[in-house]
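# What the coordinates show
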Amino acid sequence: MKPAEPGPLARFTPPLEDGVISTWLPLHAPPGSWVLDPFGFSSRLVLEAARAGYRVLVTVNNPISRFLLEMSADPPSETDFKAAFADLAASKKGEERLGTHLQSLYLTLCEKCGAEISADAFLWRKGADAPYARVYTCPHCEDAGERVVTPQDVEKAKQIAATDTLHRSRAFERVAALEDDDRVYAEEAIEHYLPRPLYFLTTIINRLDSLNLTPERRRALNGLILVACDAGNTLWDHPSERRRPKQLNVPGQFREHNLWTQLERGLAQWTETASSVLVEAWPQRLPESGGICIYEGRLKDLAEEVKKAIPIKAVIGSLPRPNQAFWTLSALWAGWLWGREAVEPYKPALRRRRYDWAWNATASNAAFTHLFGLCHLGTPFLGLLTEPEPSFLTSALTAASAAGFDLQSIALRTQHDPIQLLWACGEHLKRQPDEAEIGEVREAIHAHLVERGEPASYLHVHAAGLVALVKSHALKQKDQEFDEALRSTHALLQSALEEDLRFVHYSNGESVDTGLWGLAIESERDSSTEPTNGGSAHRESLSDRVEIAIVTFLQKHPNSIYREIEQDLYPRFPGLLTPSMGMFYAVLSSYAQRENGGWRLRSEDVAAARREELTRITSLIEAIGRRLKYSTRKQDKNYLWEQNGTIERTFYILASALLGRALAETPYPLEQTIIVIPGGRAALAAYKAQRDPSLAARIKRVQVVKYRLLRTLIDLPVLTRETFEEQIAGDPLEKPKSQLMMF
Ligand SMILES: [Zn+2]
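Residues numbered from 1 in each chain as written. Predicted model: local features only at pLDDT ≥ 70, side-chain atom pairs only at ≥ 80, totals over all residues. Heavy atoms only, no water.

### Let's talk about the layout of surface pockets
The space that makes up the second largest pocket amounts to roughly 820 Å³. Along its surface, the second largest pocket is lined by 28 residues, and F41, N61, R298, W359 and A363 are the ones closest to its centre. At seven residues, the largest contribution of residues to the lining of the second largest pocket is made by helix α16 (residues 357-374). Its residues assigned to classes, the lining of the second largest pocket comprises 16 nonpolar, nine polar and three charged. (1 Å grid on protein atoms, 1.4 Å probe; cavity = no way out; pocket = protein on both sides within 12 Å on 5 of 7 lines; lining within 4 Å. Points joined across faces, edges and corners; volume = space filled by probe spheres on them. Helix = DSSP H or I, 4+ residues; strand = E, 2+ residues; numbered from the N terminus. Nonpolar A, V, L, I, M, F, W, Y, C, P; charged D, E, K, R; others polar.)

### Overview of the pattern of salt bridges
Side chains that differ in sign of charge can pair as their charged atoms come close. What the rule picks out here adds up to 44 salt bridges. The salt bridge involving R196 is made with E256; its shortest N-O contact spans 2.7 Å. On the criterion of sequence distance, the pair formed by R196 in helix α9 (residues 195-207) and E256 in strand β10 (residues 253-257) is long-range, its members being 60 residues apart. Since its relative accessible area comes to 3%, E256 is described here as buried. A salt bridge links R711 to E613; its shortest N-O distance comes to 2.3 Å. (Salt bridge = Lys/Arg side-chain N within 4 Å of Asp/Glu carboxyl O. Buried < 20%, exposed > 50% of the residue type's maximum accessible area, 1.4 Å probe, protein only.)

### Some thoughts on helix α28 (residues 693-701)
For α28, every residue scored as buried is listed here: S694, L695, R698 and I699. The buried residues of α28 occupy an angular sector of 135 degrees when projected down its axis, which confines them to one face. (Arc of directions from axis to C-beta.)

### Quick word on the packing of aromatic side chains
Applying the stated criterion to the full structure yields 28 aromatic pairs. Geometrically, the ring pair formed by F326 and W333 is edge-to-face, given 6.5 Å between the ring centres and 65 degrees between the ring planes. The burial state of F326 is the same as that of W333; both residues are buried. An angle of 85 degrees between the planes, with centres 6.1 Å apart, marks the rings of Y570 and F584 as edge-to-face. One end of the pair, Y570, is in the loop between α23 (562-569) and α24 (581-591); the other, F584, is in helix α24, with 14 residues separating them in the sequence. (Phe/Tyr/Trp six-rings, centres within 6.5 Å; stacked < 30°, edge-to-face > 60°.)

### Focus on the packing of helix α10 (residues 215-231) against helix α11 (residues 259-272)
Contact geometry for α10 and α11: axes closest at 8 Å, N-to-C directions at 125 degrees. As the angle between them shows, α10 and α11 are arranged oblique. The handedness of the crossing between α10 and α11 is right-handed. Judged by residue contacts, G223, L224, I225, V227, A228 and A231 of α10 engage L259, Q262, L263, G266, L267, Q269 and W270 from α11. A breakdown of the residues in the contact of α10 with α11 according to their chemical character gives nine nonpolar, four polar and no charged. (Axes fitted to C-alpha atoms, helices over the stretch in contact; angles between N-to-C directions. Parallel < 35°, antiparallel > 145°, perpendicular 65-115°, else oblique. Left-handed = near helix turned anticlockwise from the far one by under 90°. Contact = heavy atoms within 4.5 Å.)

This is the structure we're talking about:
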């Protein structure tokens, strides 16, 4: 179950799934072993490993990531959160309670009843000096939504802006000293705060030291303030599209959140993540029962110490992905929460403004090289690559390969799921890289598309090509810089695809990395109206094979939970064939229903029931044929309507949504063909057509009708050949229900 609230700073932490690490680790190292996470980007990953009984050593360079990790492993109690929050609210600002004062910053008048209420947010346009709208829910009259600002709202925003210079200079003094060269960068970063949130945050931060909180309560309050620090910047576009910002760019329109509400929200977020895992700071050791040992600093500095002291049995990690927004803001927040000394080791993050993939590959390679130095031969390394995109994958594979890690496997579902990369620490010998061969890349991509039996996303064919280059150690030449290596790899992959007539690009865009790539042969064979002999060369598509596998599994194992079905299928569809969750659910919702968490086939989809149904449909085809003055004959798997020895119409009856098979096993002209499917299969068939343009094009040329149409037709008092044609033309496949189903 997912928590109702995403965790604190969720838009900046890697979006990982639960269960991957706890399933993978025991296969490679017994519980109690030492495991290393050299990147420390994901608390979730580290916590899961620690909870599974491992001793996890984590290097964390970013003070905010470190804080997130400690807080989620061992959060203060709910009582401490509440008490710290109450102390803050009750402290005095002049004659006023600080809580009352801070809340008053967000007061606005209800448009309907005129009551003074609290706004949830103000909406701004980039560069404006006042908000243009406010968002509220009135507790008195229940008026709710986005409303135009009042003159008072504008006045209030301007009043706060008038004192801004003072608060702004306080805010950067906590990050960098006056004479500091980096001060200008800190100032630029703080530009991403409007006057009101900046006033709000500096007021609280300046209050921290005089509150006299216990260390635990201070930690709790820091946690709440951190949530407000992130809610207070201008990186909240409205309406929300860029949910996971990577760059410090001010959107054209954005939300200014009510930070008091956000402090309260922080309380809910932190207390929901409650868990208790032992956390120690290096060089403290951990008991065999597991826990987390944090090394704050760089892997480089840790490598020598670890090699002598700790046997690392496995390496895990969410691979580094450039995030200028998070890194810069982290430096800022660290200064606000803990002062200048805390920012010092992390301050370069303020300075560096452009992180491209070549930079990423160079930095990752340095990390992988230190990692290589402390691992023994064969040490397994599971890297998770979140929010995958082709350049990120090239960067990671090139960096790891150049550092001496051998790629064992890659599992890729969609561009919306993390890619799983399994490496092993290779031999220490210096390896001579090979020249990249375009022929090998082409064959690898071709082999993947043949195996898949349907078009693939660019990310899939890119990955297939990269794996071929990894195998021949051809991702980076000796003495080549990473930017050059990345560029030539991409150019190679691009020409491998574009200059080969076997590949077809299904895309509206010009660029090679959009849309889907498939094999030309499919369309060639099927555009021919010449009869083929029963489709013996037909390669069942991935989605058809997944459909068969899921149904077969459910026939043998009724009431299985989703995870069990997944575990049965993943080994059958490994690597780049890994089926998406969208595909699982498209098949499951077509065939099965969920009862008490388990999936079981619908009663009409149990094999015996389906066989009876098929017999009934066959006799319906014969009966309708008789009324239309056709004779019906069975030929292999097809039913033919004939008149005077000429074939007029052919039928192929399916109990499944295996349209690809039906098309391949129909040797007659597609325009004559009617494929009959159960109504319950229509959404699944539409899903398949939507993800496979070559299938969609073939389906367009036949008629697909549902069982129930035939049942309706036989009951019509008057049935002519014309009405028959009209009726079957008006029975389209359904559109898939949700966006998720696309993948
Ligand atoms: Zn009202």
